[in-house]
Amino acid sequence: MGPNDEVAELSCNIDDMTGEELGQACRTLMEEGALDVYCIPLDMKKDRPGTMLSCLCSPQRADEFAALILKHTSSFGVRLSLQKRYILDRRIEEIESPLGTIKLKIGSGYGLEKAKLEYEDLEALARRQGISYREAERRIWAFLEAQGKSPSC
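Conventions and cut-offs
- Residues numbered from 1 in each chain as written.
- Predicted model: local features only at pLDDT ≥ 70, side-chain atom pairs only at ≥ 80, totals over all residues.
- Heavy atoms only, no water.
- Pairing = 2+ DSSP bridges.
- Helix = DSSP H or I, 4+ residues; strand = E, 2+ residues; numbered from the N terminus.
- Polar contact = N/O pair within 3.5 Å; in protein donor to acceptor, adjacent residues only side chain to side chain.
- Phe/Tyr/Trp six-rings, centres within 6.5 Å; stacked < 30°, edge-to-face > 60°.
- Buried < 20%, exposed > 50% of the residue type's maximum accessible area, 1.4 Å probe, protein only.
- Contact = heavy atoms within 4.5 Å.
- Salt bridge = Lys/Arg side-chain N within 4 Å of Asp/Glu carboxyl O.
- Axes fitted to C-alpha atoms, helices over the stretch in contact; angles between N-to-C directions.
- Parallel < 35°, antiparallel > 145°, perpendicular 65-115°, else oblique.
- Nonpolar A, V, L, I, M, F, W, Y, C, P; charged D, E, K, R; others polar.

This brings us to the pairing of strand E2 (residues 36-44). The pairing of E2 with strand E3 (residues 48-57) spans 9 bridges and is classified as antiparallel. Bridge assignment links Met44 to a residue of E3, and that residue is Arg48. What sits between the antiparallel neighbours E2 and E3 is a turn of 3 residues, in which Lys46 has the positive phi angle 60°.

With that settled, consider the side chain of Thr73. Within the fold, Thr73 resides in the loop between helix H2 (62-72) and strand E4 (79-85). A polar contact is formed between the side chain of Thr73 and the backbone oxygen of Ile69, at a distance of 2.7 Å. Polar contacts involving the side chain of Thr73 include one to the main-chain amide nitrogen of Ser75, which spans 3.2 Å.

Bringing the packing of aromatic side chains into the picture now. Considering all chains together, one arrives at 2 aromatic pairs under this definition. For the pair Tyr86 and Tyr110, a centre-to-centre distance of 5.8 Å together with 65° between the ring planes defines the contact as edge-to-face. Here Tyr110 lies in the loop between strand E6 (100-109) and strand E7 (112-117) and Tyr86 lies in the loop between E4 and strand E5 (89-97), a separation of 24 residues in the sequence. For Tyr86, a relative accessible area of 56% translates into the label exposed.

Attention shifts here to the environment of Arg79. By secondary structure assignment, the location of Arg79 is in strand E4. Given a relative accessible area of 41%, Arg79 falls into the partly exposed group. Sequence spacing of Arg79 and Leu144 is 65 residues, and the spatial spacing of their C-alpha atoms is 44 Å. Beyond its immediate stretch of four places on either side in the chain, Arg79 contacts Glu9, Leu10, Ser11, Cys12, Asn13 and Met52.

What follows deals with the pattern of salt bridges. Inspection of every chain in the model, using the stated rule, returns 9 salt bridges. Its salt-bridge partner being Glu64, residue Arg61 comes within 2.7 Å of it at the nearest N-O pair. Residue class for Arg61 comes out partly exposed when judged on its relative accessible area of 28%. One salt bridge connects Asp121 with Lys103, and the closest N-O pair in it is separated by 3.6 Å. Of this pair, Asp121 sits in helix H3 (residues 119-129) while Lys103 is found in strand E6, placing the two residues 18 residues apart along the sequence. According to the relative accessible area criterion, Asp121 is buried, its value standing at 18%. Because the salt bridges share partners, they merge into one network encompassing Arg91, Glu93 and Glu113.

Ordered by their spatial adjacency, 4 strands build an open sheet running E2-E3-E1-E4, and the pairing between neighbours is antiparallel. A single partner strand is all that each edge strand has here, and the edge strands are E2 and E4. On average, adjacent strands in this sheet sit at an angle of 25° to one another, irrespective of strand direction.

Further remarks concern the packing of H3 against helix H4 (residues 133-147). At a minimum axis distance of 8 Å, the contact between H3 and H4 shows a crossing angle of 105°. Here H3 lies roughly perpendicular to H4, going by the angle between them. When H3 is examined against H4, the residues Tyr119, Leu122, Glu123, Leu125 and Ala126 are found in contact with a partner set consisting of Tyr133, Ala136, Glu137 and Ile140. Its residues assigned to classes, the contact of H3 with H4 shows 7 nonpolar, no polar and 2 charged.

All right, on to the environment of Arg48 then. One can find Arg48 in strand E3. You can call Arg48 partly exposed: its relative accessible area is 30%. Considering only alpha carbons, one finds Arg48 and Asp16, 32 residues apart in sequence, at a separation of 9.3 Å. Residue contacts for Arg48: discarding those within four places in its chain leaves Asp15, Leu42 and Asp43.

Encoded structure:
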């Protein structure tokens, strides 16, 4: 049993962009299909605060995402690191709950199975019902457990 996937991590350090500009760059990368995008605060030369922007994508799309980072940030260079990773096999099920339809993401492999309710669906159901996110989540898991449909989490 070992890693079953590979991912490219693209990163750059930035000390001359506003939070709004960085946010827009991150949204653009996600909208273009990045697997994940995140920012980490760091200290840079000349005692300036900065941010490391990291973008995860498939190795086949690394050139495309590097170009997007260069286009949408002030960076003059992007680092590339190829990494092996362990991922679970995934499937999505649509569940009809008393609160409405919601997607359930189920992951399995490496001797385990776990599930997670889709954030956007859960947030929308909570808003429609006028209840908190946490309350909506509690009610849906209780419903799933009563139906015997709840994989371990």
